[in-house]
Amino acid sequence: MTEREKLIPVDISDEMKSAYIDYSMSVIVSRALPDVRDGLKPVHRRVLFGMSELGVASNKPYKKSARIVGEVLGKFHPHGDTAVYDTMVRMAQSWSMRYMLVDGQGNFGSVDGDSPAAMRYTEARMRKFAEEMLVDIDKETVDMQLNFDDTIEEPTVLPTRIPTLLANGSSGIAVGMATNMPPHNLSEVVDGTIAYIDNPEIEIDELMKYIKAPDFPTAGVIYGYEGVKEAFRTGRGRVIIRAKANIEEVKGRECIVVTEIPYQVNKALMIKQTSELVKEGKLDGVADIKDESSRGNTRIIYILKRDAVANVVLNNLFKHTPLQTSFSVNNIVLVNGRPQLLNLKDLVHYFVEHRYDVVYRRTEFELRKAKERAHILEGLIIASDNIDEVIAIIRSSKSPDEARTRLMERFELTDIQSRAIVEMRLRQLTGLEQDKLRAEYEEVKALILDLEDILAKKERRTEIIKQELLEVKEKFGDERRSVIEYAGGEFSVEDMIPDDNMVITITHAGYIKRTPLNEYKTQNRGGVGQKASNTRDQDFLEHLFVSSNHQYMLFFTQKGKCFWMRVYEIPEGSKTAKGRAIQNLINIEQGDKIKAFVSVKNLKDTEYINSNYLIMATKQGIVKKTLLEQYSRPRQNGINAITIKEGDELIEARLTSGNSQLMLAIKSGRAIRFGEEKVRAVGRNSQGVRGIDLNTENDEVIGMIAIENPKEETVLVVSENGYGKRSFIDDPETGEAVYRITNRGGKGVKTISITEKTGNLVAIKSVLEGEDLMIINKSGIAIRLPIDDLRISGRATQGVRLINIKGKDSIAAVTKVMKEDEEENSEESTATEGESEA
């Protein structure tokens, strides 16, 4: 160590802490966070100021980007040229900035993530929007500071007339904090700012009537308003953005066409990710994806598979791909050099305060200049009044300095006035020019009075700010691009699916489909029916029931397993469509078959699932009762619903409230009725108890109904050859039980007279007045007829013909449907003979 050197011991942890804090503050203040006043970070501000100093205004020729970057780099921003060029490029991209600040010529990248051309190939100039941010910068409206080498001055903030921070937003990652501010519609922002100026006590909710929500350059749909409200009120929130998508038919194929994508989504990458999901089988229903986007117009076509449900595919796209994204709002900005989290009103407040400051400083500058001009004009007017003497003094003086001194002494002028007189041109000696001097002096005096009035009265300054804001709105204001869906919220699959009633059919071979209920016409009893489905060879429709799109379906197989599905997930098809193999939708074991179906409202409603029961019946007469709650969490591979003995199978499942009466019918024409309380609730894996005693080994249970109102409901039974009848459960006049209540396990009573003509019993249903009956036979013919057409018959009668059976055909399924107002009786139906047979 030399004599003059000195060692200072420093604790390394203290030194690192100090150095890191200095670095952090540098990043926060000088790099990553925007200023609340002009909404710009230092690099953006320097690019715009550099372009202004270089003279590349909107009405001037373009200049090479490299020239502009060099100007900014050499004078104001001593960092990498890439940082400066990337900043300028982003300000020229229509998909990045809601209101572009730079007018670029050449390749400035694309929404697909393509890189811009090198700066030596592109050209740029300022846009009018950016010029409005620099207006009055030469009038000492903002503080200036020395640049990095103390040779040139640069502004600490721009005197912007535009609330740029709200209009264009900002994003940046500092140390220990980050900002992410969405853009907004300028017209709305101006209206909101003026509303705040008129009433500084305005509430944020009132302000939101003007500034409704963010407005993104790529448009899209703002889905749900809660996140927007939270962001406006607190400065933090989550705004969900969806693509704008329509379901269209393109070249005979159903397609989803996307014309607007969410903000900051890379279109090419999104399409690639979606294609990969389709290949991996994670996104079902999409056959192909085509990008038909042209310059400035987005058009992505998702071609759907023939059997795909468009709304379901669209919702899956929203769920699994960037067609739906969220923008996490975090309004952290610099206020007086310190980072702060601001709400909507705060952002407007600080901009308005900035405008008051700019207008005041501008007015002071203009007043000073006006007074200086008035002072000179006073001297010139004195000279013009005494022009001969002034000329004589100037001519007789040896030098300009002597002339100035003599004029100052003779006419009591200041140095500035005497200099102006000496430098007068000869043409100013004419009478016309002298009149102009006096007129200008009067104008300047009036201007001084006006400017002094502006400085003295805040109301004047307020009106100026409002007027300038309205001019900005007139020049640059436009329509909102992003649509607001106030009703939206957290993602829900059924959001775009109407809750319509659907007829669900399943064939013997296991093909399933859903068809809108209104496709089926109502016919009179005995009609021939309409073609309902094109079944495959040796296949026939075996199950048919009605449910609504949003309901949950529990599927029960003959082996006692339960599967879960939403109705809208079942592929939709017309009446004549063949449907889709159920094995492709549900993981059923080989050799197992769907035998029963239960439609439930909501498996996530705790009160609902704990107050309802599932009652199941098997072919051998076993019944079982279990709380619905035990079936509310099915797995993909199904769960055990009931333990089935060898040689038996599940045939029916019903949802009950716990207070129903049960009726089981067997194919030999007998039925038993007993109270639900006779069957105690057991677990999912139990076998159940005996419900009815079968007559013979060949006999079997064909159906079960749950009765809630025995005095209102009637029992409908249908035989395999198309005969059926309706009977009271309890006689409404006498109150006597037509079907007497017994204990479970008995033989039951006769419910229909079975003959060779009628065939065995195939269906039992509980029906009400006003409902419709739908019958479908094994050849696929369906008929729908009003229950009211069937008169009440005795319990042991044969019934009447409901549908004509041709050849060896027979009834496959019977269900009841609710009558709807828009349905009308079909004139196509014809009465058939034998319809009144007993």
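Residues numbered from 1 in each chain as written. Predicted model: local features only at pLDDT ≥ 70, side-chain atom pairs only at ≥ 80, totals over all residues. Heavy atoms only, no water.

You'll find the protein entered in an unreviewed UniProt entry as DNA gyrase subunit A, with Capnocytophaga haemolytica given as the organism. The Subcellular location (unreviewed entry) field of the UniProt record for the protein holds the comment "Cytoplasm". The UniProt entry for the protein carries the following comment under Sequence similarities (unreviewed entry): "Belongs to the type II topoisomerase GyrA/ParC subunit family." (UniProt positions renumbered as here; feature names shortened; annotations may be inferred.)

Asks: Mind showing me how you'd approach the overall build of the protein here?
Replies: Assigned secondary structure in the protein consists of 18 helices and 41 strands. The C-alpha atoms of the protein give a radius of gyration of 43 Å, which is well past the 28 Å a tight globule of 838 residues would have. Seen through its C-alpha atoms, the protein measures out along the principal axes to roughly 145 × 80 × 50 Å. The proportion of buried residues among the 838 residues of the protein is 50%. (Helix = DSSP H or I, 4+ residues; strand = E, 2+ residues; numbered from the N terminus. Rg over C-alpha atoms; globule rule 2.2 N^0.38 Å. Buried < 20%, exposed > 50% of the residue type's maximum accessible area, 1.4 Å probe, protein only.)

Asks: In this structure, what is going on with the UniProt feature "active site" (unreviewed entry) in the protein? I would like to understand it.
Replies: Per the UniProt record, "active site" (unreviewed entry) is found at Tyr 121. Positionally, Tyr 121 belongs in the loop between strand 2 (102-105) and strand 3 (123-126). Taking relative accessible area as the criterion, Tyr 121 reaches 55% and is therefore assigned exposed.

Asks: Where do I start with the side chain of Ser 660 in this structure?
Replies: Here Ser 660 shows up in the loop between strand 29 (650-656) and strand 30 (661-666). Looking at Ser 660, the relative accessible area reads 1%, which means it is buried. Among the polar contacts listed, one links the side chain of Ser 660 to the side chain of Glu 708, at a separation of 2.6 Å. Leaving out residues up to four positions away in the same chain, Ser 660 has contacts with Gly 675, Glu 676, Ala 706, Ile 707 and Glu 708. (Polar contact = N/O pair within 3.5 Å; in protein donor to acceptor, adjacent residues only side chain to side chain. Contact = heavy atoms within 4.5 Å.)

Asks: Looking at this structure, I do not really get the pattern of salt bridges. What am I missing?
Replies: Should the charged atoms of two oppositely charged side chains come close, the side chains can pair. Here the structure, examined in full by the defined rule, presents 55 salt bridges. Here Asp 136 ties to Arg 362 by a salt bridge, and the two come within 2.7 Å at their closest N and O atoms. Here the residue Asp 136 occupies a position in the loop between helix 5 (128-134) and strand 4 (144-146), and Arg 362 occupies one in helix 12 (residues 344-385), the gap between them amounting to 226 residues. Here Asp 415 ties to Arg 404 by a salt bridge, and the two come within 4.0 Å at their closest N and O atoms. Of the two residues, Asp 415 is situated in helix 15 (residues 415-422) and Arg 404 in helix 14 (residues 400-411); the sequence distance between them amounts to 11 residues. Take Arg 404: its relative accessible area is 12%, and that puts it in the buried class. Through salt bridges with shared partners, a single network forms among Asp 136, Lys 139, Arg 161, Arg 355, Arg 362, Glu 366 and Glu 468. (Salt bridge = Lys/Arg side-chain N within 4 Å of Asp/Glu carboxyl O.)

Asks: Can you walk me through the nonpolar core in this structure?
Replies: Soluble globular proteins tend to pack their nonpolar side chains together in the buried interior. Leu 48, Met 51, Ile 68, Leu 101, Leu 186, Val 333 and Leu 347 are the most contacted members of the largest nonpolar core, which totals 78 residues. Excluding residues within four positions of it along the chain, Leu 186 makes contact with Tyr 99, Phe 129, Ile 162, Pro 163, Ala 167, Val 472, Phe 476 and Gly 477. (Core = buried A, V, L, I, M, F, W, Y, C linked by side-chain atoms within 4.5 Å.)

Asks: For this particular structure, what's the right way to read the packing of helix 7 (residues 186-198) against helix 17 (residues 458-476)?
Replies: Two quantities define a packed helix pair, namely the angle between the axes and the distance from one axis to the other. Viewed as axis vectors pointing N to C, helix 7 and helix 17 meet at an angle of 170 degrees, and their least axial separation amounts to 9 Å. Our classification of the angle between helix 7 and helix 17 gives roughly antiparallel. Of the residues in helix 17, those in contact with Leu 186, Ser 187, Val 190, Asp 191, Thr 193, Ile 194, Ile 197 and Asp 198 of helix 7 are Thr 462, Ile 465, Lys 466, Leu 469, Leu 470, Val 472, Lys 473 and Phe 476. The residue inventory of the contact of helix 7 with helix 17, partitioned by class, reads nine nonpolar, three polar and four charged. (Axes fitted to C-alpha atoms, helices over the stretch in contact; angles between N-to-C directions. Parallel < 35°, antiparallel > 145°, perpendicular 65-115°, else oblique. Nonpolar A, V, L, I, M, F, W, Y, C, P; charged D, E, K, R; others polar.)

Asks: Honestly, the pairing of strand 39 (residues 781-786) in this entry has me stumped. Any pointers?
Replies: If a strand is regular, its side chains alternate between the two faces of the sheet. Of all the six residues making up strand 39, five are buried; the element is thus mostly covered by neighbouring parts of the structure. Both strand 38 (residues 771-777) and strand 39 contribute to a ladder of five bridges, which runs antiparallel. The residue bridging Met 774 from the neighbouring strand is Arg 784, located in strand 39. Counted between consecutive antiparallel strands, the loop separating strand 38 from strand 39 contains three residues, among which Gly 780 sits at a positive phi close to 100 degrees. (Pairing = 2+ DSSP bridges.)

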